[in-house]
Every structure is written in C-alpha cells, then in structure tokens.
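This is what each chain is made of:
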Amino acid sequence: MESAVEKIKVWFRFVPREGWFPQDTEGLWATRLSADTARVQNVPFLQNGVAEGDVVRFRTDSDGLHWAVGRVSASGNCTVRVVPVPTGPLGRSPQAVHRHLSTFGLGGEVFSADFPMVAFNVPAGGDFHGIRALLTQGQENGWWHYEVGCATDEWWNA
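Residues numbered from 1 in each chain as written. Predicted model: local features only at pLDDT ≥ 70, side-chain atom pairs only at ≥ 80, totals over all residues. Heavy atoms only, no water.

(A) Expanded view of helix H2 (residues 128-140). The end-to-end C-alpha distance of H2, which contains 13 residues, comes to 18 Å, matching closely the 18 Å that a straight helix rising 1.5 Å per residue would cover. Elements that come into contact with the buried residues of H2 comprise strand E6 (78-84), helix H1 (94-101), strand E8 (118-122), strand E9 (144-150) and helix H3 (153-157). Once H2 ends, the next one or two residues include Gly142, with phi positive near 80°. (Helix = DSSP H or I, 4+ residues; strand = E, 2+ residues; numbered from the N terminus. Expected span 1.5 Å × (residues − 1). Contact = heavy atoms within 4.5 Å.)

What follows is the structure, given as structure tokens:
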C-alpha cells in the first residue's frame, strides 16, 4: 500500500540583516518525516545554516504553523545565493546567472523580478572547487555578488 507524502511549510525565524530584506521569517517547503521532523525541499533565500535536503525538527504552534527549532541532520548540500550586478555584463538577468552555473548542473530559484537573486542548491559531492572558482571569478569580473548561506567542511576545504 502506498502512503501519501505530506508536504508542509516549516517556518524559520532570524534577525533581519541591516541593508537587507526586512523579513524576520522564511517558510520552506518540506516533507514531513515524523510528528516533529521534516526534510527541507527547497533552497532558502534568507535563512542561513540550512540547505535543501536537511532534516529539521519543528514545533507546531496553536495556529498550526510549524516552526523550526533545529537541524537534526545535514544533507551535505550547500546553499549559495547569487545576485547579478545590474550595471555588469549580465545586467539583471537571473537566466544569465543560471547559464554560467549550468555547467555544474545546479538547480536554483529566483527570488523575484524586482530582485533577481538566485538561490542555488549545490549538491553534496558536487564540484565545489570549480563552483567556488567560478563564483569568485564572476564576482571579480563584476557579473554578480554572491554569498554562502550554508556550507560543509568539504565546501570550505575545496
């Protein structure tokens, strides 16, 4: 007998960064694994310290919202966010950012048309050295700015 997979939204709280978005929460889609754990199913735009595929523990409040309280296990995936420089050679094009990183088979999501930040999931076992080199080159060439929202020792040692 096949069991239904329950998708839920798990909410994360964080302190907003100065000069960044004013939000102090982000909801990520997840697959419920138990009464209080779920596997994150998308790439975070704002929340640091979590990546797609990580298992998180949550508490459900009286309104039925599921609030993350910690990470149970890491997937080994990394989260990288890239914002094209509007006056640079890529303009405001998230598609151009995707094209440059497509060599590595990275999947990503675009924040919005107004703010074309692309949040990428870098899978465990990916070419961390090559991806880091391209990200650095792109930043040095004025293509984009980037930040690492969640990384493993393998990422930092590549």
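(B) Broad picture of the environment of Phe21. Position of Phe21 among the secondary structure elements: in the loop between strand E1 (7-13) and strand E2 (25-32). Taking the relative accessible area as the measure of exposure, Phe21 reaches 16% and is therefore buried. Here Phe21 is in contact with Pro16, Leu46, Phe111, Phe115 and Met117, once residues within four sequence places are set aside. (Buried < 20%, exposed > 50% of the residue type's maximum accessible area, 1.4 Å probe, protein only.)

(C) Representation of the environment of His100 within the structure. As for its placement among the helices and strands, His100 is situated in helix H1. You can call His100 partly exposed: its relative accessible area is 28%. Distance in space between the C-alpha atoms of His100 and Gly126 is 16 Å, their sequence separation being 26 residues. Excluding anything up to four places from it in sequence, His100 contacts Leu90, Leu134, Trp143 and Trp144.

(D) Focus on the sheet that holds strand E4 (residues 55-60). On the basis of which strands lie adjacent, the closed barrel formed by 5 strands has the order E1-E2-E3-E4-E5 and mixed pairing. The sheet shows a mean angle of 55° between the axes of neighbouring strands, taken without regard to direction. Alignment of strand E3 (residues 37-40) against E4, held across 3 bridges, turns out to be antiparallel. Bridge pairing in E4 places Ala38 opposite Val56. (Pairing = 2+ DSSP bridges. Axes fitted to C-alpha atoms, helices over the stretch in contact; angles between N-to-C directions.)

(E) Local environment of the sheet that holds E8. Read from one edge to the other, the open sheet built from 4 strands follows the order E7-E8-E6-E9, with strand pairing classed as antiparallel. Two strands lie at the open edges of the sheet, namely strand E7 (107-110) and E9, each paired on one side alone. Going across the sheet, the axis of each strand differs from the next one's by a mean of 25°, ignoring polarity. As judged from the 5 bridges shared by E6 and E8, these two strands associate in the antiparallel manner. What sits directly across from Val82, in E8, is Val118. Across the sheet, H1 lies against E6, E7, E8 and E9, angled at about 20° from E8, the strand it touches most. Where H2 meets the sheet, it contacts E6, E8 and E9, and its direction lies at approximately 140° from that of E9.

(F) Summary view of the side chain of Thr79. Its place among the elements puts Thr79 in strand E6. Of note is the side chain of Thr79, whose polar atom sits 3.2 Å from the backbone oxygen of Val50. Sequence-distant contacts of Thr79, defined by excluding residues within four places in its chain, comprise Val43, Pro44, Val50, Ala51, Phe120, Glu147, Val148, Gly149 and Cys150. (Polar contact = N/O pair within 3.5 Å; in protein donor to acceptor, adjacent residues only side chain to side chain.)

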